[in-house]
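A structural walkthrough
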Amino acid sequence: MSTAVAPVRTGQVLADLIPASRVRDIALVVGGAALTGLAAQLSVPVPGSPVPVTGQTFAALLVGTTLGARRGVASLALYALAGLAGLPWFAQGTSGISVSFGYILGMILASAAVGALARRGADRSMLRMAGTMLVGEAIIYAIGVPYLAYAADLSASVAIAAGLTPFLLGDALKAALAMGVLPTTWKLVKH
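Rules used in this analysis
Residues numbered from 1 in each chain as written. Predicted model: local features only at pLDDT ≥ 70, side-chain atom pairs only at ≥ 80, totals over all residues. Heavy atoms only, no water. 1 Å grid on protein atoms, 1.4 Å probe; cavity = no way out; pocket = protein on both sides within 12 Å on 5 of 7 lines; lining within 4 Å. Points joined across faces, edges and corners; volume = space filled by probe spheres on them. Helix = DSSP H or I, 4+ residues; strand = E, 2+ residues; numbered from the N terminus. Nonpolar A, V, L, I, M, F, W, Y, C, P; charged D, E, K, R; others polar. Core = buried A, V, L, I, M, F, W, Y, C linked by side-chain atoms within 4.5 Å. Buried < 20%, exposed > 50% of the residue type's maximum accessible area, 1.4 Å probe, protein only. Contact = heavy atoms within 4.5 Å. pLDDT = per-residue confidence, 0-100. Salt bridge = Lys/Arg side-chain N within 4 Å of Asp/Glu carboxyl O. Polar contact = N/O pair within 3.5 Å; in protein donor to acceptor, adjacent residues only side chain to side chain. Phe/Tyr/Trp six-rings, centres within 6.5 Å; stacked < 30°, edge-to-face > 60°. Axes fitted to C-alpha atoms, helices over the stretch in contact; angles between N-to-C directions. Parallel < 35°, antiparallel > 145°, perpendicular 65-115°, else oblique. Left-handed = near helix turned anticlockwise from the far one by under 90°.

1. Here's the deal with the layout of surface pockets
Here the largest pocket is characterised by a volume of approximately 330 Å³. Tallying contributions element by element places helix H4 (residues 101–119) first for the lining of the largest pocket, with 4 residues. Of the residues belonging to the lining of the largest pocket, the class tally is 14 nonpolar, 9 polar and 2 charged.

Structure below.
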C-alpha cells in the first residue's frame, strides 16, 4: 500500500495533498468541526461584552484555508448544526442560539472566502496570508456584530464596542500565527 503524497500543484489547498477519497473528505469535514469545537473551549470572558475571546475564529479560518471552500463550509456548517442540536461545543461549553451566534454564521461564510483564496495560493506567503486572514475576520465581524446588536438589542456603537473593538488585538495575533504556520507548512511540503 502506497502512502505517497500527491505532488504540489497550483489550485490546491493543503488537504488536497492527502490522496482523494470520500473517506478523506468526511474525515476532514468532521475533524474540522471537532477542531473548531475544541478551540471554542479556549475561552476568556471579556468584561462588558457577552462575547468571549476564543480560539474558535482562528480554528474556523484555519479549517477554511486548509480544507478549501467546499469542505470548509461543510465543516463549519456541521459545527453549527451540531451546536444547534445541543452538542455543548460553542464557546464556554454552550449550545443553541445565543447573542453570539452571528459570529458562527460569519465563520461559515468566512471559511468559504478564505478557502477560495487559499485555492488561489493566498496561503503560500506571509503577506497574502495576512490579507486572507483579514478578509476572513472582516466577514465574521460583518455578520457577527449586527447580529449581536439585533439579538442583544444594542445600538450599533455599543455592539461595535462590545463585539468588535475588544477582539482586534487578539485577531492580529491569530493572523500573525497563521502567517507563520501555513506558508511554512507549504515550504516544508515542497521539500
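2. Some details on the nonpolar core
With 41 residues, the main nonpolar core has Leu76, Tyr79, Tyr103, Ile104, Met107 and Met133 as its most contacted residues. Contributions of two or more residues to this core are made by helix H1 (22–40), helix H2 (56–67), helix H3 (69–84), H4, helix H5 (126–151) and helix H7 (168–190). The dominant element in this core, judged by the number of residues it contributes, is H4, at 8 residues. Sequence-distant contacts of tyrosine 79, defined by excluding residues within four places in its chain, comprise Ala33, Thr36, Gly37, Ala40, Gln56, Trp89, Phe90, Ala91 and Ile104.

3. A look at the confidence of the model for the protein chain
Averaged over every residue, the pLDDT of the protein chain is 91; residues scoring 70 or more account for 94%. By mean pLDDT, the top-scoring element of the protein chain is H3 (98), and the lowest-scoring one is H7 (86).

4. Focus: the pattern of salt bridges
If you walk through the whole model with that rule in mind, you get 6 salt bridges. Residue aspartate 25 is joined to arginine 71 by a salt bridge in which the shortest nitrogen-to-oxygen separation is 3.1 Å. Here arginine 71 lies in helix H3 and aspartate 25 lies in helix H1, a separation of 46 residues in the sequence. Through salt bridges with shared partners, a single ionic network connects Asp16, Arg24, Asp25, Arg71 and Arg119.

5. A few points about the side chain of aspartate 123
Tracing the backbone shows aspartate 123 in the loop between H4 and H5. For aspartate 123, a relative accessible area of 0% gives the class buried. One polar contact links aspartate 123 to tryptophan 186, side chain to side chain, over a distance of 2.7 Å. If we ignore the near neighbours within four places in the chain, the residues touching aspartate 123 are Thr65, Ala118, Met129, Leu182, Pro183 and Trp186.

6. Comments concerning the packing of aromatic side chains
A full pass over the atoms with the stated rule returns 5 aromatic pairs. Relative to phenylalanine 90, the ring of tyrosine 79 lies with its centre 5.3 Å away and its plane at 65 degrees, an arrangement referred to as edge-to-face. With tyrosine 79 in helix H3 and phenylalanine 90 in the loop between H3 and H4, this residue pair connects regions lying 11 residues apart in the sequence. The residues tyrosine 79 and phenylalanine 90 share a single accessibility class, namely buried. Ring geometry for phenylalanine 90 versus phenylalanine 101: centroids 6.1 Å apart, planes at 50 degrees, classification tilted. Taken together, the residues span a long stretch of sequence, with phenylalanine 90 in the loop between H3 and H4 and phenylalanine 101 in helix H4 at a distance of 11 residues.

7. Topic: the packing of H2 against H5
Running from N to C, H2 and H5 point in directions that differ by 120 degrees, and their axes come no closer than 11 Å. In terms of axis orientation, H2 runs oblique to H5. Note that H2 runs across H5; the crossing there is right-handed. Counting all contacts with H2, which are made through Thr57, Phe58, Leu61 and Thr65, the residues of H5 involved are Met129, Thr132, Met133, Gly136, Glu137 and Ile140. Of the residues that constitute the contact of H2 with H5, the class distribution is 5 nonpolar, 4 polar and 1 charged.

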